[in-house]
Amino acid sequence: MTPPIDLEQAQARLLAMLRSGPAIACPVGEAGGRFLAKPAIARRNNPPKDLSAMDGYATIGDGPWELVGEARAGLPFAKALSTGMAVRISTGAHMPTCADAVLIQENARVEGDTLFAEEAPDPNFIRRAGLDFEANDVLIEPGGPLGAAQMALARAGGLAKIVVHEVPQVAVVEVGDELCADPSICAPTQIPAVNGAMLASMARGAGADVSPHGPVADDADALVETLWEARDAALIVISGGASVGPHDLVKPALEAAGFTIDFWRVAIKPGKPLLVARRGNTVALGLPGNPVSSFVTGFLFMAPAIRKLAGAAACLPRAVPLPLAAPLPAGGKRREFLRATWTDAGVIAAEVQDSSALLPLARADVLIDRPAGADRSDTGAFVPCYLLENRAYA
């Protein structure tokens, strides 16, 4: 039996097998969560003209000034100003031609049609045309994500449609005789099926269109049939049955269904019995059945694989250094990912790290990345952490 491979090597091998889907034009408002296939290029300047950044008065030269009109957002003052003139102006309104400063409302005094200043008008209260970006600027590079801010940016650039990659099709297969599909009627000899719903949610969050399968019994023929049913998926994610027990049938079932095993077992804890196989353009990812192991490997492998299929330029999660609020003992032989909470004083690893314990996972804010053979870490030491979506709002 070959030894487990390193995490980064395993991730690189998995991602190298995957190709993003075709490029399609999509309305910006429907592109949330997707990744660009072609750059988003601005069609207009933003702002399009010089605008006032404050409510007040657009002026030219020194005061006092004669008030000759008003400029509002969407309704500019149509004439050029001459020295000694001013117009009332609203935030976001076009600066009149020749105006060179804005006197903010708080510093203005008006008597009849004459404007006086308690402090000098300021040219810094003018938002210059193209301050944000100019026409033909690249707003979002290929592979960039389309979140709320990016969608706003694309529309501000005059784009009604953008070119994105198709949403990847992902099948999630849950395996195990002991699994009960309906947790409300679970018999004493069964356990509720949790991994399928958990992984499907993670997959959708990463940008996939998910088809769930199972729970599938620990039966080779049933598993092979399920693999053929999922043949149109770019990625088949299988939870359970990937270890070395007599009822762990994923490996032989994949081979019977025409898949070639690329690698099996990764030197991490939890999540060692991870398996990757390929059949044509379909990649299968076998994850451990213990819920926490399934979550961690889903986070480190499934979600990055989906991002690659969706066209992301950056697929892997990024660790950030955070201080420890309590010491950590020396590490074990394998690289560990510890569930931890984030407090004002730093991160604290959960007392229970068993791979079946879901309560510490649901309450965890981060996964601490602990290297193999790590020395004891004292309070205040910075450790690499992966942020989880569980983190509560302040």
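Residues numbered from 1 in each chain as written. Predicted model: local features only at pLDDT ≥ 70, side-chain atom pairs only at ≥ 80, totals over all residues. Heavy atoms only, no water.

### Details of the packing of helix α3 (residues 195-206) against helix α6 (residues 291-310)
- Two elements in contact, α3 and α6, have axes separated by 9 Å at closest approach and are oriented at 25°. The angle between the axes of α3 and α6 places the two elements in the roughly parallel class. Between α3 and α6 lies a crossing whose hand is right-handed. Contacts between α3 and α6 involve Asn195, Met198, Leu199, Met202, Ala203 and Ala206 from the first element and Pro291, Ser294, Phe295, Gly298, Phe299, Met302, Ala303, Ile306 and Arg307 from the second.
- Per-class residue counts for the contact of α3 with α6 are eleven nonpolar, three polar and one charged. (Axes fitted to C-alpha atoms, helices over the stretch in contact; angles between N-to-C directions. Helix = DSSP H or I, 4+ residues; strand = E, 2+ residues; numbered from the N terminus. Parallel < 35°, antiparallel > 145°, perpendicular 65-115°, else oblique. Left-handed = near helix turned anticlockwise from the far one by under 90°. Contact = heavy atoms within 4.5 Å. Nonpolar A, V, L, I, M, F, W, Y, C, P; charged D, E, K, R; others polar.)

### Here we look at the pattern of salt bridges
- Within this structure, the stated rule accounts for six salt bridges.
- Residue Asp262 pairs with Arg13 through a salt bridge whose shortest N-O separation is 3.0 Å. Here the residue Asp262 occupies a position in strand β18 (residues 260-264), and Arg13 occupies one in helix α1 (residues 7-16), the gap between them amounting to 249 residues.
- Classification of Arg13 by relative accessible area gives partly exposed; the value is 31%.
- Here Glu111 and Arg109 are joined by a salt bridge, their closest N and O atoms 2.3 Å apart.
- For Arg109, a relative accessible area of 36% translates into the label partly exposed.
- One network of salt bridges, in which partners are shared, links Glu8, Arg335 and Asp369. (Salt bridge = Lys/Arg side-chain N within 4 Å of Asp/Glu carboxyl O. Buried < 20%, exposed > 50% of the residue type's maximum accessible area, 1.4 Å probe, protein only.)

### Looking at the packing of aromatic side chains
- Going through the model one piece at a time under the given rule, you end up with two aromatic pairs.
- Considering the side-chain rings of Phe299 and Tyr386, the 5.8 Å spacing of their centres and the 70° angle between planes classify their relative orientation as edge-to-face. With Phe299 in helix α6 and Tyr386 in strand β26 (residues 382-387), this residue pair connects regions lying 87 residues apart in the sequence. We note that Phe299, like Tyr386, is buried.
- Taken together, the ring pairs in this structure connect Phe299, Phe337 and Tyr386 into an aromatic cluster.
- Of note, Lys251 hangs over the ring of Trp264, and the distance from its end group to the ring centre comes to 5.6 Å.
- The ring of Trp264 is capped by Arg265, whose NZ or CZ atom sits 5.7 Å from the centre of that ring. (Phe/Tyr/Trp six-rings, centres within 6.5 Å; stacked < 30°, edge-to-face > 60°. Lys NZ or Arg CZ within 6 Å of the ring centre and 35° of its normal.)

### Here's the deal with the sheet that holds strand β17 (residues 235-239)
- Spatial strand order, β16-β13-β17-β21-β20-β18: six strands in an open sheet with mixed pairing. Single-partner strands in this sheet number two, and they are β16 (209-216) and β18. Strand-to-strand twist across the sheet, computed as the mean angle between neighbouring axes with direction ignored, equals 20°.
- The pairing of strand β13 (residues 169-175) with β16 spans six bridges and is classified as parallel. Note on β16: the bridge partner recorded for Ala171 is Ser211. (Pairing = 2+ DSSP bridges.)

### Re unusual backbone geometry
- A cis amide bond links Gly214 to the next residue, Pro215, at an omega of 10°.
- Along the chain, Pro215 falls in strand β16.
- Residue Pro270 follows Lys269 across a cis peptide bond; omega there is 0°.
- Examined against the element boundaries, Pro270 turns out to sit in the loop between β19 (268-269) and β20 (275-279).
- With a phi angle near 85°, Arg265 is a residue other than glycine that sits in the positive phi range.
- Residue placement: Arg265 occurs in the loop between β18 and β19.
- Overall, Arg265 belongs to the buried group, its relative accessible area being 11%.

### A few points about the sheet that holds strand β8 (residues 108-111)
- The strand order β7-β4-β6-β5-β9-β8 describes an open sheet built from six strands, whose pairing is mixed. In this open sheet, the two strands that pair with only one neighbour each are β7 (101-104) and β8. Strand-to-strand twist across the sheet, computed as the mean angle between neighbouring axes with direction ignored, equals 40°.
- Sheet analysis places strand β5 (residues 65-71) next to strand β9 (residues 114-117), joined by two bridges and oriented antiparallel. Counterpart to Glu66 in the pairing with β9 is Thr114.

### Section: the packing of α1 against α6
- For the pair α1 and α6, the least separation of the axes is 10 Å and the interaxial angle reads 30°. Of the two elements, α1 crosses α6, and the hand of that crossing is right-handed. Residues Leu7, Ala10, Gln11, Leu14, Leu15 and Ala16 of α1 form the contact with α6, whose own contacting residues are Leu300, Phe301, Pro304, Ala305 and Lys308.

### Observations concerning a negative patch on the surface
- There is a patch of like negative charges on the surface, built from Asp177, Glu178, Asp219, Asp221, Glu225 and Glu229.
- Examined against the element boundaries, Glu229 turns out to sit in helix α4 (residues 220-229).
- Judged by relative accessible area, Glu229 falls into the partly exposed class, the value being 48%. (Patch = residues over 30% accessible without salt bridge, like charges linked within 9 Å, V, L, I, M, F, W, Y side chains within 5 Å. Areas by Shrake-Rupley, 256 points an atom, 1.4 Å probe, with all protein chains shown as cover. Lys, Arg positive; Asp, Glu negative; His and termini not counted. Charge placed at Lys NZ, Arg CZ, Asp CG, Glu CD.)

### Some thoughts on the domain arrangement of the chain
- Considered domain by domain, the chain is made up of domain 1 (7-21 + 167-310), domain 2 (23-44 + 142-165), domain 3 (51-127) and domain 4 (319-387).
- For domain 1 and domain 2, the distance between their C-alpha centroids amounts to 31 Å.
- Contacts between the two partners involve seven residues from domain 1 and, on the opposite side, five residues from domain 2.
- In this assembly, domain 1 packs against domain 2 so that about 470 Å² is buried in total across both faces, 54% of it on carbon and sulfur atoms.
- Interface area lost by domain 1 to domain 2 is led by Gly21, Val167 and Ala310, which between them contribute 73%.
- Where domain 1 packs against domain 2, one counts zero salt bridges.
- Between the two partners, domain 1 and domain 2, sit one residue pair in polar contact (both at pLDDT 80 or more).
- The residue inventory of the side of domain 1 that touches domain 2, partitioned by class, reads three nonpolar, three polar and one charged. (Domains from an automatic or database assignment. Buried area = accessible area lost by both parts, 1.4 Å probe. Polar contact = N/O pair within 3.5 Å; in protein donor to acceptor, adjacent residues only side chain to side chain.)

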